[in-house]
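A look at the structure
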Amino acid sequence: MKFLTNLTLGKKITLLTAIGLLLGVGIFSSLGMRAVRQATETTLQDRLTTARIVADYVDEALGRALSELNNAAAAIEGDSGKDDPGPRMDALYSMYSRLSIYIHGVYLINQQGQVVWSRPQGIGSINPASYPSISQAIASGEASVSGLVSAPETGLPVILLASPTKRQQVLVAAVDLAQSSIAGFVQPIRLGQTGYVELIDQNGVVVARTQPGPELAPFEQSDHSGRFAALIAAGEPTRGVCHTCHEPQQRVEKKDVLAFTPLTAARWGVVVRQSEEEALAPASELRKSLLLFGVGLVVIALLFVTVTTRDVGGRIRMLTTASRRIAEGDMITHVPAAGNDEVGILAESFDYMRTKLKASHDALEQKTKELTSLLSVSRILTSISDLPALLDAVLAKAVEIIPGADAGVLLLRSGDQGDFFVQSAIGVDKDALSQSSLAAQQGDTSQAAEAGEQAKQAVAALLQSPVLRSRVRSSLSTRIFHRDQGIGGIVMTSFRDSQAFSESDRRLLHAVADYIAIAFERTRLTEEAEQAQALQEADRLRSQFISSVSHELRTPLTLIKGYSTSLLRRDISWDKASQQEFLQIIDEKTDELRDLIDKLLLSAKLEAGALRLEKEPVLIPRLARKIVDDTASRAKKHRFTLSFPPAFPVVEADVRCMEQILRNLLENAVKYSPAGGEIAIAGETGGGQVVVSVSDSGIGIPPEHLPRIFDRFYRVDSPLTHGASGSGLGLSIVKGHVEAHGGKIWLESTVGKGTTFYFSLPLNHDETEEQKEDAEALDETENVNTAGR
C-alpha cells in the first residue's frame, strides 16, 4: 500500500489502463469480433454461390427448351403449305423428352386467341389477356417464359413457353415442372437439416421447392413475395439474415439466412434459405468462446483495478466529503492533507479554494443584501404614487435596511432658492426638528462654490440641532441631486454605537438618495405628461367641437338660406301652399339652430358649474308620458312602452332638467334604432332612490366606446352610426343634469341587440300626503302604440 501511495496519480492511471488494455479490450474487441464477422460473411457467400449454381442450371435448361420451341416454330413457318403440323409437334415432344421436360400440352394460336392446332385436342380458344407471356410474345415478337399459371382446360400448375411465328401465330408449350428436369435438378440439393432451395417467379409464386422445406401447395405465395418480385424486376442478387417480413400482411416467425439470384432466361429467381441458428452455428460458437474468455479477462482486470484504486479511492472520498461540506456552506472546516502525490496537491488546492470561496461568499452575501434592500426600496417607488407618502415610506425603509441606524431624517429644499425643511423623520420627533432654524445655522450659503453645498451645510446644521446634538454617537449622510441641483439630504443616525456605519452602508444610502431623485424626476415627468395630455385632449375636443358644430349649423342654415332666397326671388311667383311649406321648413330649421345653441350654452353652464336648479315635486311617469306622446308622432315605426310601479314616488327635481333628460334619451333611442321596434321607459325604487331606464332594440354600442360615451362632443364612429346626425352634446348634458341632482347615470349595451340607459335620483323622504295620492293615481303599466296615434 505504501508503494501505491508514493506513486503519482498519473502512473497509477497508466498502470491500470495498460493492464486493462493488454488483458481485455484490445485483444477481444478487435481479433475476436473480426473472426466472427469473417465466419458469418463466408457462410453467406457460400449460400449465394449455391444459388448462382442453381440459377445457371435453370437458365441453361430454360434456354434449351426455348431454343427447341423456336426451332419448331420456324419449321412450322417453312411448312406453310401443309395444314397438319403434327409431325413437327412429334419431333418437339421427342426432343423435350430427351431433355427430361414433360410437356402438358402444345397449342398453336393466332392473335385473336383461336387455337389453330393443339395437343391434346378439343381446346377452341385461349384468351391471350389471361396469359401475359403470350401477350408479350405477340407484342414483342420474341419468345418468353411465363410464371406459374393454370393450364388451359385442366387448371394444373404449369409454365408457358411462347414463341411467335411470322404467320402472326404463337406456338405455346405448357411445361409441368413437377415432372421435368428443371425442378428435378433442384430436388437433390440439401443444405444441412434446415436448408432448402426455392424457384420464385416474377409474381412471388413458388415454382419449385426442395426438401426439407415446407410441402409445396399449388400456386403458393412466398413469405417474401413482394420483396422477391422487386429483386427479380431489378435483377439484383442479394444475401443476408432475415429477421422480419417485408410484407405488411404476412408474419414470419422464423429467422433465416437467405441468398437470392435472379435468372436471365426468365423473370424468375433462385432462393437458398437456411435457419440462422444452423447456418451461423460456427460463428455463434466462436462468439460464445470469445465472450467467456473476455469475461474471464475482465474479472482479472477488475481484481487488479480494485487493489490499485483502493488507496486512491479512499483519499478521493475524503476530498469528496470536503467538497460537499463546502457546497453546503461550510467554509470554516479545513481540508486535511492527503499525501505528496497529485491527490495531496489536489487537497491543498481544495483548501485554498475554500478560503477564496469564503471571501467571495462574504462579499457576495453583502452585495445580495444591498440589492435586496434596494429592491425593497424600488418596490415602494413603483407602488406609491403620492410623493410625500412615498418619501416617508422610503425613509422608513432606509432606517430598516441599514443595520446601525436608529433614526433617519430627510431634508428638502423649498423652491430653487428657499431654505431647507424637514420632510420626513423616523425615530425622532419631526415637529421638534422642524422648529429648529436650519437656515440660521447654514451661514452665508450664497457663496457656495459647487452644486449641493447648501444641502451639505443644511445636513451639518441638522446634526447640530438641540434635538440631535446630545444624542447622536455616529451619523451617515448624503446629498440628493436632481437635475444637477442639490435639492436635499438624507441623514442616518445611531444613538448607541460610535462605529455603527460601514462603507457598505454608505453605498446603500447613496443608492437610496438616487432613488429619491428618481422619484422627483418621475413626478416631474408625470406632471409634464399629464399637462401635455390635457393640452392634447383640449386641442382634440376643440377640433371636434368646431367640426361637429360647423356640421350641425351648416345643414339648417343652408336650408334656411335656400328657402328664404327662393321666397325673395321676383322672377318666380309662389302659390300660398308653397310659401307656407317654405316658411314651415325655415321655422323648423330655426328651431333646430336654437336647440343647438341652447345645448351649447347649457353644456358650458354645466362645465362651469353655473347651472341653477329650481326644484319642485315632479311625477316622472306623468312627465315621461307627455314626452312619449310628443315623440310618438314623429316616430311612426316605433312602439313605446311605459312601465312604472304603482305609487311611484314623487322626486324633488328641476322639471326642465328632467324633461331634457328623458327627451334626450328617448330621441337617442329613436335615432339609433332606425328599423323601428320597441322603446321602453321603466322605473323602480329601492335603497332611498328611484332608477329610471330607457331601452331600445337598436344597433347597440361597441364595448370600446362605452367608457367615453358621456364625454362632450364624443360620438361613436362606426359604419352603423354614419347615417345618424348629432352634436355629441346630448348625453353629456344628460349626465350633467343627473349629477347636478345628486344621481348617477350608466348604461348596458349589446351590439346588434340594443342599449339601455339608467339614471338614479335620490328620494326626499318627507313626501306630503298629496304627493303620495298623486303618485298612486298613475297606472302600473301604460303602453303607447304609435300606430294608433
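Remarks on the packing of helix α17 (residues 620-632) against helix α18 (residues 655-671)
Two elements in contact, α17 and α18, have axes separated by 10 Å at closest approach and are oriented at 45°. As judged from the angle between their axes, α17 and α18 are oblique. Our pair here, α17 against α18, has a crossing hand that is right-handed. Facing Ile620, Leu623, Ala624, Lys626, Ile627, Val628, Asp630 and Thr631 of α17, the residues of α18 in contact are Val655, Met658, Glu659, Leu662, Arg663, Leu666 and Val670. Its residues assigned to classes, the contact of α17 with α18 comprises ten nonpolar, one polar and four charged.

Notes on the pairing of strand β5 (residues 169-175)
Across the seven residues that make up β5, a large majority, seven, are buried. In β5, alternate side chains face the same way, and those of Gln169, Leu171, Ala173 and Val175 on one face and Val170, Val172 and Ala174 on the other are all buried. Taken together, the seven bridges between strand β1 (residues 103-110) and β5 define a ladder with antiparallel strand orientation. Each residue of the ladder has a partner; that of Asn110, found in β5, is Gln169. One ladder, built from six bridges, connects strand β4 (residues 157-164) with β5; its direction is antiparallel. Residue Ser163 lies in a different strand from β5, and its bridge partner there is Leu171. What sits between β4 and β5 in their antiparallel hairpin is a turn of four residues, with Gln168 showing a positive phi close to 60°.

Things to note about the packing of α18 against helix α19 (residues 730-740)
Two elements in contact, α18 and α19, have axes separated by 9 Å at closest approach and are oriented at 145°. Crossing handedness for the pair α18 and α19: left-handed. Across the interface between the two elements, Cys657, Gln660, Ile661, Asn664, Leu665 and Asn668 of α18 pack against Gly730, Leu731, Ile733, Val734, His737 and Val738 of α19. Residue classes in the contact of α18 with α19 are distributed as seven nonpolar, five polar and no charged.

Points about the sheet that holds strand β11 (residues 407-413)
With antiparallel pairing, the four strands of this open sheet are ordered in space as β12-β11-β14-β13. Strands at the two margins of the open sheet, each flanked by one partner only, are β12 (420-426) and β13 (474-482). For this sheet the average axis-to-axis angle between neighbouring strands, irrespective of direction, equals 20°. For β11 and strand β14 (residues 485-494), the ladder comprises six bridges, and the chain directions are antiparallel. Across the sheet, the residue bridging to Leu412 is Gly488, located in β14.

Points about the environment of Arg496
On the secondary structure map, Arg496 appears in the loop between β14 and α15 (503-568). Arg496 sits 24 residues away from Val472 along the chain, and the two C-alpha atoms are 7.9 Å apart. Ignoring anything within four residues of it in the chain, the contact list for Arg496 reads Gly404, Asp406 and Arg473.

A look at the nonpolar core
Tyr96, Ile159, Leu161, Leu171, Trp268 and Val270 are the most contacted members of the largest nonpolar core, which has 41 residues in total. The element contributing the most residues to this core is helix α2 (residues 9-78), with twelve residues. Ignoring anything within four residues of it in the chain, the contact list for Val270 reads Ala51, Val54, Ala55, Val197, Glu198, Leu199, Ala259, Phe260, Thr261 and Leu263. Counting residues in each nonpolar core, the second largest holds 38 residues, with Ile627, Ala669, Phe710 and Phe759 among its members.

Description of unusual backbone geometry
Pro120 follows Arg119 through a cis peptide bond whose omega is 5°. As for its placement among the helices and strands, Pro120 is situated in the loop between β2 (115-119) and α4 (132-140). Of note, the phi angle at Ser100 is positive, near 60°, even though the residue is not glycine. By the element assignment, Ser100 lies in the loop between α3 (86-98) and β1. For Ser100, a relative accessible area of 41% gives the class partly exposed.

Examining the sheet that holds strand β8 (residues 238-242)
Spatial ordering of the open sheet is given by β7-β6-β10-β9-β8, a layout of five strands whose pairing is antiparallel. The open sheet terminates on both sides in strands that have one partner only, identified here as β7 (206-209) and β8. Taken pair by pair, the neighbouring strands of this sheet meet at an average axis angle of 20°, ignoring direction. Both strand β6 (residues 196-201) and strand β10 (residues 268-275) contribute to a ladder of six bridges, which runs antiparallel. Bridging across to β10, Ile200 finds its partner in Gly269. Against the sheet, helix α6 (residues 225-234) engages β6, β8, β9 (256-262) and β10, with an angle of about 35° to β9.

Some thoughts on the confidence of the model for the protein
Averaged over all residues, the pLDDT of the protein equals 79, while 82% of them reach at least 70. The model gives residues 767-772 a pLDDT under 50, and that stretch makes six contacts with residues more than four places away or in other chains. The low-confidence segment residues 777-789 (pLDDT under 50) makes 33 contacts with residues lying over four places distant or belonging to another chain.

Describing the side chain of Thr50
Checked against the element boundaries, Thr50 lands in helix α2. Note on Thr50: relative accessible area 16%, which makes it buried. Sequence-distant contacts of Thr50, that is, excluding residues within four places in its chain, are made with Leu191 and Val272.

Some thoughts on the environment of Ile586
For Ile586, the location among the structural elements is in helix α16 (residues 576-608). Taking the relative accessible area as the measure of exposure, Ile586 reaches 16% and is therefore buried. Along the backbone, Ile586 and Leu559 are 27 residues apart, and their C-alpha atoms lie at a distance of 7.2 Å. Discounting chain neighbours no more than four positions away, the residues touching Ile586 are Ile560, Tyr563, Ser564 and Leu567.

Thresholds, definitions, all that
- Residue positions are counted from 1 within each chain, in the order its sequence is given.
- Note on the predicted model: pLDDT of at least 70 is required for a residue's local features to be given, and 80 or more for side-chain atom pairs to be given and counted; whole-chain, interface and lining totals, by contrast, use all residues.
- For side-chain calculations, the full set of non-hydrogen atoms in the structure is used, while hydrogens and water are omitted.
- Helix axes are fitted to C-alpha atoms over the stretch in contact, other axes to C-alpha atoms as well, and angles between N-to-C directions run from 0 to 180 degrees.
- Numbering goes from the N terminus for both helices and strands, where a helix is a DSSP run of H or I of at least four residues and a strand is a run of E of at least two.
- Any angle between 65 and 115 degrees counts as roughly perpendicular, while under 35 counts as roughly parallel, over 145 as roughly antiparallel, and the rest as oblique.
- Helix crossings fall into two classes, left-handed where the near helix is turned counterclockwise from the far one by less than a right angle and right-handed where it is turned clockwise.
- It only takes one pair of heavy atoms within 4.5 Å for two residues to be counted as in contact.
- In this classification, the charged set is Asp, Glu, Lys and Arg, the nonpolar set is Ala, Val, Leu, Ile, Met, Phe, Trp, Tyr, Cys and Pro, and all remaining amino acids, among them Gly, are polar.
- When a residue's accessible area, from a 1.4 Å probe over protein chains only, is under 20% of the maximum for its type it is buried; when over 50% it is exposed; and in between it is partly exposed.
- Two strands pair if DSSP finds at least two bridges between them.
- What makes a nonpolar core is a set of buried Ala, Val, Leu, Ile, Met, Phe, Trp, Tyr and Cys residues whose side-chain atoms join them at distances within 4.5 Å.
- Values of pLDDT, ranging from 0 to 100, describe the predictor's confidence in every residue of the model.

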